Amino acid sequence: SLCEYVSTAVTETPKRTFSVKEKKKRSVGAPYKETVDKSVNGEAQRSTGAVQGASNFRSEYRRTGEESRGSNPRQSEPHLETSTFALSGDSAHNQAMVHWSGQNSSVILILTKLYDFNLGAVTESSLWRSTDYGSTYNKLNDKVGSRTVLSYLYVCPTNKQKILMLSDPEVESAVLISSDEGASFEKYPINFNILSLLFHPAQENWVLAYSHDYKLYSSMDFGKKWQLVHENVMPGRFYWAVMGLDRESDVVHIETRIAKGRESQYVKCRAQRCTEGNRQYLFPGHIDTNSLVVQDEYVFTQVTKSGRASYFVSYMRESFRQMKLPKYCLPKDMHIISTDEKQVFAAVQEWNQNNTYSLYISDSPGVYFILSLENLRTSRGPAGNLLVDFYKVEGINGMYLANKIVDNHIKTFITYNKGQTWALLPAPATDVAGNNLHCILPFCSLHLHLEMSENPYTSGPITSKKSVPGIIVATGNIGTELSSTNLGMFITSDAGNSWRQIFDEEYNIWFLDNGGALLAVLHASTPIRQLWISLDEGKKWDRHSFSLVPLYVDGVLMEPESDNHIITFFGHFSHRSEWQLIKIDYKGLFSRRCMDGDYQTWYLHNKGELCVMGEKQIYMKRRPGNRCMLAQDYSRIYSSEPCLCTAYDFECDYGWERQADGKCSPAFWYNPNGVAKSCSSSQSFLNSTGYRKVLSNNCKERGRNVYSPKRVACQPKAPQGLHLSTSHGELSATVGSNVTFMIHLDNGESPSTSIQLDFGDGIKITYSNLSRTDDGIKHIYRMTGIYRVIATAENNLGSDSTTLFLHITSPVDRVYLSAPVVASKEKAANLTAVVWPSHTRTLTFFWWFENSSEPIITLEGSISHMFLREGKNKVTVQVACGSTVLEDSKVITVKEFFRSLLLSFSPALDEHNPDIPEWREDIGRVVSGVPENQLMVSLYPGLPTTAELFILPDEQMLNIFVTALNQGLIQFELKANIRIIVYMTQQTLAPLVDSNSIHSGSAMLMLISVVFVGIAAFFIYKFKRFPLSWQPLSPGTQCGPFDKSSTAVLLTRTWGLQAFFF
C-alpha cells in the first residue's frame, strides 16, 4: 500500500535488554522498534516511536579497541566541564524519554518507566526536571500525583514550553498538561485511551488524539476538552491541514474504514464540525485500506481492482488524477519517499521484482513518472514497514545517495542532478593508517550504509547537516560491494567527490557548534568513558574522558539549533544501577567567536564540473583547525551564478527512454505524435522534444534551446484513438450513485472536435470540445441493468467512437425460490428465483439439484428442469451479486401420477396471515391431516390466502375431498371463535406436467411480491398439541353428500387445529 515516511512526536530509549535465556548485546542508543497497533501483536504500544525493551541490537563486529585509531590523537585535552547526576530510586526502570526544550532553554525533562513486558503495561514511572542544563534534577512525582503512573510525554512542536503527558490507562485515564516546561501540571480525566497524538503544524493548542478503539478526537485547548471527530479511522491515516493549501486551518484529512469491508473512504472535514452533513468525500469512490497519504502539496490514494493497483494523486488540492508510470512498469507496490521541492520520489516494485524496488521521480503535479534508478536495496523494519536505502544529502540541492543491487552485489551510487545520472562513490586513496588502497573504479568503490536512525539519541550510520553543506559522515566499507563486516567511518568535505577514512570501527557521530565541530562516540556493546572531538572536518581528533567510570551509553542529547555548547550523555554504570546523566559543556574548546578572517570558500563541483543543478555555487566554511565558535546565522552560500543549460540539466520526458548515446528516444509503446490536451483550448500547444528540465535546476536557457518543449500550431486531424472509462476503471456501479465517465482522445483533439456521450438509458449529452470534459462527465442511473454507453468524437475531418458496457446493480436483500411442491416424473417443472429488490440481467443464478457436483448457471431467474426419479428432491438456488451470495432451498416431491385441487379460504384467514413460510407450512399440515406420502397442501405467498392440495394418488380420497370441499364441510379452528372454511377453486387433470401453472408467470410474481409486505404484521401463534387420530368410516358407508347432522370425525391434527366434516 501507499506509505510515507512520518517523523514521530515522542520517542524513548530502553535502558537495557536482558533475558534469562539470552543476554542481548548493547549499543549506543538501541535501535528503535517501530510500534504496531494492539490489534496486531496484542501489546498496547503507541504509534509515536515507542521503544521496546526487547529491541534488536546491531550485530557485534570485531573491533580493534577504543584506543586504536588511524590518526594520532592529540594527547593534550582542552578543557571540558562535566557533572554527573544519578536518578536515585529508578534502578529498576528500563525505559526513558528525554526532552530538551531547545530555543536556548535550560529545562530538561526525563520520564523513566518500568515497562513490564509480561503484562504489556507500565507499572512504575518517575518524572525528573532540570533547570540548569542538566547539572541537577528534581523529582516531580508529588506534583503529578504520587500514585499516578505516567506512560508517555509529548511536547508541542510549535511551543516547546507546552507539555502533555499521559497516565497509564490501566490505573487511570487522564492527561497532565503543563504550559511552563513542566514547572506545574494540571490533570484532566478523559474517557478514552490515547494511542497517539498529532499536533497542529501552526496552532499550538490544537491536537488530534487516536484511541484504542479506532476513534479520532480533537481538542482546541491543548487536551483539556475533547470532541469525537470520526469513528473507524485507520491507524496513522489522519492529517491536519497544510497551511496555504487547505482553506480552513482546522481541516482534518481522514481515512475511514467501511464497516466490515476491506475498503476505506477519504473524508475531509473540520475538526470540531465533522458531522455527516459537513463531511466531504473528495475521492469519487472507495480506496484501499492504509493508502491515504497527505504530504505537502499532495494527497495520494490507491485503488485495487482485479488484482491490479492504480494510484491517484491530488496536487494543490485539485481533482484526483491517475499517476502515470511507464506503461509496462505494472507496479505491485508503491511507497512515497519524498515530496520535497514540489516533486514526488516514489519507490515502486515492478511486476518482475521481488526483493527490490525502483526509484521513480515525477513532474510537479505528481502525475507523470520516469525511471531514475533500478533495483534499490530495500528491507523490512521490525513492524514490517518498508525501508529503502535512499538518502537525501542535507544542504546540497539535488544530491542523493542510494544503494543499488548490481549482479547480486549491493553498491552505493551518488547523483548531483536529482537522479538524472548516477555514479559510484570513489574510495579513499589510503586507509585510516595511511596505507594505499589501490581501489580503482568501477571494479572497487566506497559503499555506505544509508539507514536512517529511528532513535533521536543516536546519529545513525549516515549523517549530514544543512548548516554544513558538503560534509557527510557515514559507516561503510571499501570493496566490490556493501558489507556488514570490517566496517569503518568515512567522511567527505567536498560533497562526495573525495572521501577519507577517519575510524576503522563504527562510531556514532554528531555535529556540534552549528556544524563546525564533530563529536564521535564508539558504537559499542561494552561500557565506555571517552569521546572524540574534531574541529577540522575529521582530520584530527581530540580524545576526552567524560566519566571516571565506564558508562553503558543509551543515548546522547544536545539542544537543537542553539548557541549553547552542552551535551548530555545518559546511561548506566552497571545493569542494576540508576540512570546516570552526564552533562558536558564543551564551550572551553573555543577561545572566541569566529570573525570574517576565520572563514574560507570552497566550490561545489561534480568531478570538476562546476555547474551543479544549473548553477555555480561557492560556499563558506570555517578554516580547519580554527578554535572559534560559529554563529548560528552565518551565511553558508557565498555566491551563486546560473549556468547555460546543457543536456546534463534535462531528463527524459514521460514515454521517452535514455539510449546508449545519451539521447532520449520514444519507448516502443509511446506515440510522440499525439497532440497535447492544451490543443483543445488554443490554436497551439507545447510539444515535448523528449526532454524535461530537472526540477529545481536553475540553468539559464539560451535563445533557442533544443531540449525545451516547442510551441507547435494545432494541425486539424480526424479524431482517432477515443477512449472511454469510468473514473476508477470500474465497469459496475450501484443504482443512484454518481458515475463519472472519463474521455481521452489520442489524436485529432481541437476546438472544433465535439464530444457526444450516450448513457444508454435514453439520455445523451454533447460538448462542443473535449476540454470541457477534463473533470469527467457525471451521470446517475435510476434502474438496474446493463447499459451500452457510447462516446463519439467528431469534427469536419471524420469521427471516432467507442463503447463501454456498464452494469448498474443494487444490493440483493432477499431471495425466494418459487417451486411446485409436487412435480411429475420426467416432466419439466418451472422453478423461479425471485429477488428483492428486482434486478434486470445483472445477477448470476446457480442451480443445484440433489447431489449434482456442478451447478447449472443462468443469467435469468427462471429455469425448467426435469426430475428423473420419484421421491423427494432438494433444489437450491444461489444468487450472486458482486461479492454477496444469497440462497434459498425447496424440497419437491416427484410422483409419476397425482391429482391436485386449488383451494381458497374464508376471508378471516387473511386477517391473521403474517405471510411467512413457517405459518404457511403449519396451515398446510392442518388442512391435509394425513401422511405426506398420501396428501400434501401447499399455501402460496401473498393475499388472498390460496393453496394447492396434492393427492398422491388415491382416486377415492380425491372424490371424498371434492365432495366435502364443494359443500364447505372442511373447516378448522384457527383460534378461539375463529373458524376457517376451505373451498375448492379448481381441479387439475392428471397427470400434471406443471402442477403450478395456475400461479406461474406474472401472477406468481405478483403474489410473491406481496410476501414481504405482510412481514410488519407478523404474528406468532402457539398451538396446543393433541395426538393425531384417524377415524375410519364403518364398512359399507357411502361417501356421498354429507348430512349436516352427521357427527363422524374425519381428520384431527396434532397442532390442535382440527378440521371437521359436519
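Not measured: the values here are computed from a predicted model.

1. Things to note about the overall build of the chain
Right, so step 1: Along the chain, the regular secondary structure elements total six helices and 77 strands.
Right, so step 2: Within the chain, the proportion of its 1062 residues that are buried is 52%.
Right, so step 3: Summarising the internal contacts of the chain: among those between residues at least 6 apart in sequence, 56% fall at separations of at least 24.
Right, so step 4: When the accessible surface of the chain is split by element, carbon and sulfur atoms take 50% of a total near 48,100 Å².

2. Examining the packing of aromatic side chains
Right, so step 1: All told, the structure shown has 35 aromatic pairs when counted by the stated rule.
Right, so step 2: Note on phenylalanine 199 and phenylalanine 222: the rings are 6.0 Å apart at their centroids and 35 degrees apart in plane angle, and the pair reads as tilted. Highlighted residues: phenylalanine 199 in strand S11 (residues 194–199) and phenylalanine 222 in the loop between strand S13 (216–219) and strand S14 (227–230), separated in sequence by 23 residues. Note on accessibility: phenylalanine 199 and phenylalanine 222 belong to one class, buried.
Right, so step 3: Here tryptophan 602 and tyrosine 619 contribute two aromatic rings whose centre-to-centre distance is 5.1 Å and whose plane-to-plane angle is 20 degrees, an arrangement assigned as stacked. Placement of tryptophan 602 in strand S45 (residues 599–603) and of tyrosine 619 in strand S47 (residues 615–622) is noted, with a sequence separation of 17 residues between them.

3. Description of the sheet that holds strand S2 (residues 81–87)
Right, so step 1: A sheet is described by the order of its strands in space; here four strands give the open sequence S2-S43-S42-S41, paired in antiparallel fashion. Of all the strands in the sheet, just S2 and strand S41 (552–558) have a single pairing partner and so form its edges. On average, adjacent strands in this sheet sit at an angle of 20 degrees to one another, irrespective of strand direction.
Right, so step 2: In terms of strand pairing, S2 meets strand S43 (residues 579–585) through seven bridges, oriented antiparallel. Bridge pairing links phenylalanine 85 to leucine 581 in S43.

4. Let's talk about the pairing of strand S62 (residues 785–795)
Right, so step 1: Only one face of S62 is buried: it carries Gly785, Tyr787, Val789, Ala791, Ala793 and Asn795, and the other face, with Ile786, Arg788, Ile790, Thr792 and Glu794, is open.
Right, so step 2: Summarising the sheet, strand S59 (residues 754–758) and S62 pair through five bridges and their orientation is antiparallel. Across the sheet, the residue bridging to aspartate 758 is isoleucine 790, located in S62.
Right, so step 3: Where S62 meets strand S63 (residues 798–809), 11 bridges bridge the pair, whose relative direction is antiparallel. Each bridged residue has a counterpart across the sheet, and for threonine 792 the counterpart in S63 is serine 801.
Right, so step 4: Once S62 ends, the chain turns through two residues before running back antiparallel as S63.

Here is what the cut-offs are and how they apply
- Residues numbered from 1 in each chain as written.
- Predicted model: local features only at pLDDT ≥ 70, side-chain atom pairs only at ≥ 80, totals over all residues.
- Heavy atoms only, no water.
- Helix = DSSP H or I, 4+ residues; strand = E, 2+ residues; numbered from the N terminus.
- Buried < 20%, exposed > 50% of the residue type's maximum accessible area, 1.4 Å probe, protein only.
- Contact = heavy atoms within 4.5 Å.
- Areas by Shrake-Rupley, 256 points an atom, 1.4 Å probe, with all protein chains shown as cover.
- Phe/Tyr/Trp six-rings, centres within 6.5 Å; stacked < 30°, edge-to-face > 60°.
- Pairing = 2+ DSSP bridges.
- Axes fitted to C-alpha atoms, helices over the stretch in contact; angles between N-to-C directions.

So far we have only geometry, and geometry alone does not tell us how the molecule works.
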